[in-house]
Amino acid sequence: SLSGYEHYMRKEYLEQPASAEAVLRGRLDDRFGTPRLNGLNLDPRAKREIRRVKVIGCGSAFYVGQMGAQMIEELARIPADAEPASEFRYRNAVIEPTTLYVAVSQSGETADTAIAVDEIKRKGGRVVGVVNVVGSSIARACDGGIYLHAGPEVSVASTKALTNMALAFAMLAIDLGRVRDLSVSNGRRLIAGLQRIPGQIAQVLENEDQIADVAKRLSGAPSIFFIGRVRGFPVAREGAQKFKEISYRHAEAYQSSELKHGPLALISPELPTVAVVPHDELTGRNLGALQEIGARGGPLVAVTHGDVDFGELIVERIDVPRNEPELDPILLTVPMQLLAYHAALHLGHDIDKPRNLAKSVTVE
Ligand code: BG6
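What counts and how
Counting of residues starts from 1 at the beginning of each chain's written sequence and follows it residue by residue. In view of the model being predicted, local features appear only for residues whose pLDDT reaches at least 70, and side-chain atom pairs are presented and counted only at 80 or more, with totals across whole chains, interfaces and linings using the full set of residues. Hydrogens and water molecules were not included; the side-chain quantities draw on all heavy atoms of the structure. Strand pairing follows a simple DSSP-based rule, namely that at least 2 bridges must link the two strands. Segments assigned H or I by DSSP are reported as helices when at least four residues long, segments assigned E as strands when at least two residues long, and all are numbered from the N terminus. For every element, the axis is a line fit to its C-alpha atoms; helices are fit only across the contacting stretch, and the angle between N-to-C directions ranges from 0 to 180 degrees. Residues are treated as being in contact if the distance between any of their heavy atoms lies within 4.5 Å. Nearness here has a simple test: a residue counts as near a molecule or strand if at least one of its heavy atoms is within 4 Å of that partner. Polar contact is defined as a pair of N or O atoms within 3.5 Å, subject to the rule that within protein one atom must be able to donate a hydrogen and the other to accept it, and that residues adjacent in sequence are counted only when both atoms are side-chain atoms. Each accessible area value is a Shrake-Rupley result obtained with a 1.4 Å probe; residue values ignore everything except the protein chains displayed when judging cover. Basically, the charged four are Asp, Glu, Lys and Arg, the nonpolar ten are Ala, Val, Leu, Ile, Met, Phe, Trp, Tyr, Cys and Pro, and anything else, Gly included, counts as polar. Salt bridge, as used here: a side-chain nitrogen of Lys or Arg that lies within 4 Å of a carboxyl oxygen of Asp or Glu. Between buried and exposed lies partly exposed: a residue is buried under 20% and exposed over 50% of the maximum accessible area for its type, with that area taken using a 1.4 Å probe on protein chains only. Here a helix's expected span is defined as the number of its residues, less one, multiplied by 1.5 Å.

S.K.: Looking at this structure, how should I read the sheet that holds strand β12 (residues 316–319)?
M.R.: Pairing within the open sheet is parallel, and its 5 strands lie in the order β9-β8-β10-β11-β12. Of all strands in the sheet, those bounded by a partner on one side alone are β9 (250–255) and β12. Strand-to-strand twist of the sheet, defined as the mean angle between neighbouring strand axes without regard to direction, takes the value 20°. Pairing of strand β10 (residues 273–277) with strand β11 (residues 300–304) involves 5 bridges; the strand directions are parallel. Within β11, the position partnered with V276 by the bridge is V303. On the sheet, helix α12 (residues 283–295) packs against β8 (223–228), β9, β10 and β11 and is oriented at approximately 165° with respect to β10.

S.K.: What is the right way to look at the site of the ligand in this model?
M.R.: As a structural note, the neighbourhood of the ligand is formed by C58, S60, A61, S105, Q106, S107, T110, V156, E245, A358, K359 and V361. A distance of 2.7 Å separates an oxygen atom of the ligand from a polar backbone atom of Q106. Between an oxygen atom of the ligand and a main-chain N or O atom of A358, the distance comes to 2.9 Å. Protein burial of the ligand: of its 400 Å² of free accessible surface, 90% is covered by the chains. Grouping the amino acids of the shell around the ligand by side-chain chemistry returns 5 nonpolar, 5 polar and 2 charged.

S.K.: Just checking my understanding: could you explain the pattern of salt bridges for this structure?
M.R.: Pairs can form between side chains of opposite charge once their charged atoms are near each other. All told, the structure shown has 25 salt bridges when counted by the stated rule. Between K54 and D81 there is a salt bridge; the shortest N-O distance is 3.3 Å. Residue K54 is located in strand β3 (residues 52–57), and its partner D81 is located in strand β4 (residues 80–84); the two are separated by 27 residues in the primary sequence. Among the residues examined, D81 registers a relative accessible area of 35% and is labelled partly exposed. The partner of D112 in a salt bridge is R89, with the nearest N and O atoms 2.6 Å apart. Highlighted residues: D112 in helix α6 (residues 111–122) and R89 in the loop between α5 (85–88) and β5 (99–105), separated in sequence by 23 residues. A residue is classified by how much of its surface remains accessible, and D112, at 22% relative accessible area, is partly exposed. Residue classification places R89 among the buried residues on the basis of a relative accessible area of 16%.

S.K.: Would you explain the side chain of T333 in this entry?
M.R.: Among the structural elements, T333 can be located in helix α13 (residues 328–347). Polar contacts involving the side chain of T333 include one to the main-chain carbonyl oxygen of P329, which spans 2.7 Å. Ignoring any residue separated from it by four or fewer positions in sequence, one finds T333 in contact with M67, V235 and E238.

S.K.: What is the right way to look at α13 in this model?
M.R.: Its 20 residues give α13 an end-to-end C-alpha distance of 30 Å, which sits within 8% of 28 Å, the value for a rise of 1.5 Å per residue. Taken across its 20 residues, α13 has 17 buried, putting it largely inside the fold. The first or second residue beyond α13 is G348, which carries a positive phi of 80°.

This is the structure in structure tokens:
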């Protein structure tokens, strides 16, 4: 039930410190610096034999899947990418026995994802699920998986399930890394990082009032850019997705590295940019892109960390605590939920049931 909250979406994003705890519970081994993911049904040798990882999902699950694929490639050094299941199922994809397919779905009932899973299985591929609803169609069709334990999610715009998907992918990436070349000390560093995340999500949520102010100002713009690069790009994509779904404002994500190859033509004082600026080896390059935007009068919001210095640039900042660079995208995604929610609230929209959208699309 709503138990006093105005909307399920807000109730659900405020539940995240506890729901994030639930997906990690019992799954982190500090001694070996590795997760324990028994539900995957993969022994160490099967994990070592994986040559490629292909993640499929729809909507926000696809964007988190892209974040997950990046984590897997970075931490396990296995080539990995994500694709919308809605595309994958129609293009007669090559199915390889040495590829691990990962199906991501909150409901476990999305038709495009379920049919893609059946097609992979029919061709002899191995599929694991990253799914919230226990016993759902996709969970049953997969060879194994990671349940999200986020609890029921009612709001069409997914929040706590998405965060748990990202955490599940981080665990999968560390697990696949630790049977390969990820050292025990790096494994321990990342496991300790995961343990800090629920508390750090609570810190982000404490900034709700400030994020709401930024959201109100953004809600006045007819169109908004969301930008990031490499680790920040899936965060930007999910930020744009959430914003358009419930605020009905046009929002577009592009890689900040692509600014000079096209989007710069549109920068003006009327078009705000929300930039994801993690503290990592690309911070300097991100700041360079922001300077280009600022120089053309483009209003800037940065979702970043307290120790990132923007110098003379005029930026409205939303600061998120730092974790480990490989895991920071998980925390940087949380303010995107609040930006979308408070923009939609200010505009007076039906937040839990946005027009034309359904929580899960189970028909073709
Ligand atoms: C869409 C919903 O149609 O399905 C999105 O509107 C959701 O919010 C997507 O991300 C995928 O749903 P699921 O249940 O497969 O994660």
